[in-house]
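In case you want the letters, here they are:
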Amino acid sequence: MAIQWFPGHMHLTRKAIGERIKEIDVVIEMLDARLPGSSANPMLAELIKGKPALKILSKQDLADPARTAQWLAHYNAMPGVSALGLDTSMTSPAKALIDACRQLAPNRGGMIKPMRVLICGIPNVGKSTLINTLKGKRAAKTGDEAGVTKQEMRIALADDFYLYDTPGVLWPRIIVEQSGFNLAASGAIGVNAFDEEVVALELLNYLIPHYPQALTERYKIADVPSHTDETLLEAIGRVRGAMQSGGRVNTTKAAHIVIHDFRSGALGRVSIETPAQFAQWLAEGKKADAERAVRKEASDKGKKSGRKSAGKQAG
């Protein structure tokens, strides 16, 4: 079952984006470079209604450079879409953003037709940090907790360039199971919505075949590929001193260590999905969701039929 997290303020954000989009020229969607597919919001594609889009792969300094290149090529091949990678710590990203937006909407600009840009993204993707960098001061509240920004704000990046910031918003329902785990690992989902141990095991299950060297270097554990996710979590707990009485490993503490090391970049530059992998996960998720809808419809018909029969018998 996929992890779910959609607080009340996200419903308000969805409504606000739907209203604001009518007067927007370009939509910037910030994605986590380590999980671009999972951190993209399919709801946004419906809301922007074909507006030119700029995909920003944030935190690229934490991501696998080869995989980031794959994702940039994937998005740049789409019509009406431009993509670029940024580190939110960069001191001068404003020019790159403004230039990319002007290329997507060349007929906008000047005081009569100022450029109006909406910036969106899932929680904790680095949007507020980027905005603060663009403004050169703390224009937006930042934090490492999902859902910090709660209301829209307008920021002037140039005399004829307005940027509208919105709170982070996730999918109303996450149909891709792996995306739920990846989003939780990245910090995009509130801590009360998932089990850290389950998420850490899923993360290790992916990293063991794809980044064994990164795990070896970080935890000094030999022959990582021979481990399962569970045995590796135990080994990490022993190496890092996550122990409890009786010489047992505190797997909850070990899981917290693994997730923290991924989020902070202590594991090195790793990405936990490729365009091809995400396309497969999405296809499987859509298939499962369609099957679930069919089962629900059949169940609802059965209940309705049962109520009618009961009513006739009572009559």
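Residues numbered from 1 in each chain as written. Predicted model: local features only at pLDDT ≥ 70, side-chain atom pairs only at ≥ 80, totals over all residues. Heavy atoms only, no water.

Comments concerning the overall build of the protein
- The helix and strand inventory of the protein stands at 12 helices and 8 strands.
- Here the protein, with 315 residues, has 49% of them falling under the buried criterion.
- Put simply, of all contacts in the protein between residues at least 6 apart along the chain, 70% involve residues at least 24 apart.
- If you sum the accessible surface of the protein, you get close to 15400 Å²; carbon and sulfur atoms cover 52% of it. (Helix = DSSP H or I, 4+ residues; strand = E, 2+ residues; numbered from the N terminus. Buried < 20%, exposed > 50% of the residue type's maximum accessible area, 1.4 Å probe, protein only. Contact = heavy atoms within 4.5 Å. Areas by Shrake-Rupley, 256 points an atom, 1.4 Å probe, with all protein chains shown as cover.)

What about the side chain of D229?
- Secondary-structure assignment places D229 in helix α10 (residues 229–239).
- The buried charged residue D229 lacks any salt bridge partner; its closest oppositely charged side chain belongs to R238, at an N-O distance of 15 Å.
- Among all residues touching D229, those that are not within four sequence positions of it are L201, L204, N205 and I208. (Lys, Arg positive; Asp, Glu negative; His and termini not counted. Salt bridge = Lys/Arg side-chain N within 4 Å of Asp/Glu carboxyl O.)

Digging into the packing of aromatic side chains
- In this structure the tally under the stated criterion is 1 aromatic pair.
- Geometry around Y162 places R154 over its ring, the cationic atom sitting 4.1 Å from the centre. (Phe/Tyr/Trp six-rings, centres within 6.5 Å; stacked < 30°, edge-to-face > 60°. Lys NZ or Arg CZ within 6 Å of the ring centre and 35° of its normal.)

A word on the sheet that holds strand β5 (residues 153–158)
- In spatial order, the strands read β3-β2-β1-β4-β6-β5; together these 6 strands make up an open sheet with mixed pairing. Each edge of the open sheet is held by one strand with a lone partner, namely β3 (81–85) and β5. Averaged over neighbouring strand pairs, the angle between their axes works out to 25° when direction is ignored.
- Of the strand pairs in this sheet, strand β2 (residues 53–58) and β3 are connected by 5 bridges, and their pairing is parallel. (Pairing = 2+ DSSP bridges. Axes fitted to C-alpha atoms, helices over the stretch in contact; angles between N-to-C directions.)

Digging into the nonpolar core
- Counting residues in hydrophobic clusters, the biggest one holds 87 residues, and the most contacted among them are L54, I56, L207 and L215.
- Per-element accounting of this core gives the leading share, 8 residues, to helix α8 (residues 196–210). (Core = buried A, V, L, I, M, F, W, Y, C linked by side-chain atoms within 4.5 Å.)

Remarks on the pattern of salt bridges
- Enumeration according to the criterion identifies 11 salt bridges in this entry.
- Put simply, D32 and R34 hold a salt bridge, and the shortest N to O gap is 2.8 Å.
- Owing to a relative accessible area of 1%, R34 belongs among the buried residues under this scheme.
- A salt bridge links R292 to D289; the shortest N-O distance between them is 2.8 Å. Highlighted residues: R292 and D289, both in helix α12 (residues 275–314), separated by 3 residues, approximately one helical turn.
- Residue R292 is classed as partly exposed on the basis of its relative accessible area, which comes to 36%.
- Overlapping salt bridges bring together D25, R108 and R116 as one network.

Digging into unusual backbone geometry
- Backbone geometry at K59 places phi at a positive 60°, although glycine is not the residue there.
- Looking at the element boundaries, K59 is found in the loop between β2 and α4 (65–76).
- The buried category is assigned to K59, whose relative accessible area is 14%.
- Unlike most non-glycine residues, D223 shows phi in positive territory, near 50°.
- Structurally, D223 is set in the loop between α9 (212–219) and α10.
- Looking at D223, the relative accessible area reads 52%, which means it is exposed.

Section: the pairing of strand β1 (residues 26–32)
- Counted residue by residue, β1 has 7 buried out of 7 residues, so it is predominantly covered.
- One ladder, built from 5 bridges, connects β1 with strand β4 (residues 115–121); its direction is parallel. Residue pairing in the sheet places V26 in a bridge with V117 of β4.
- Two strands pair when backbone bridges link them, and β1 and β2 are joined in this way by 6 bridges, in the parallel orientation. The residue bridging V27 from the neighbouring strand is A53, located in β2.

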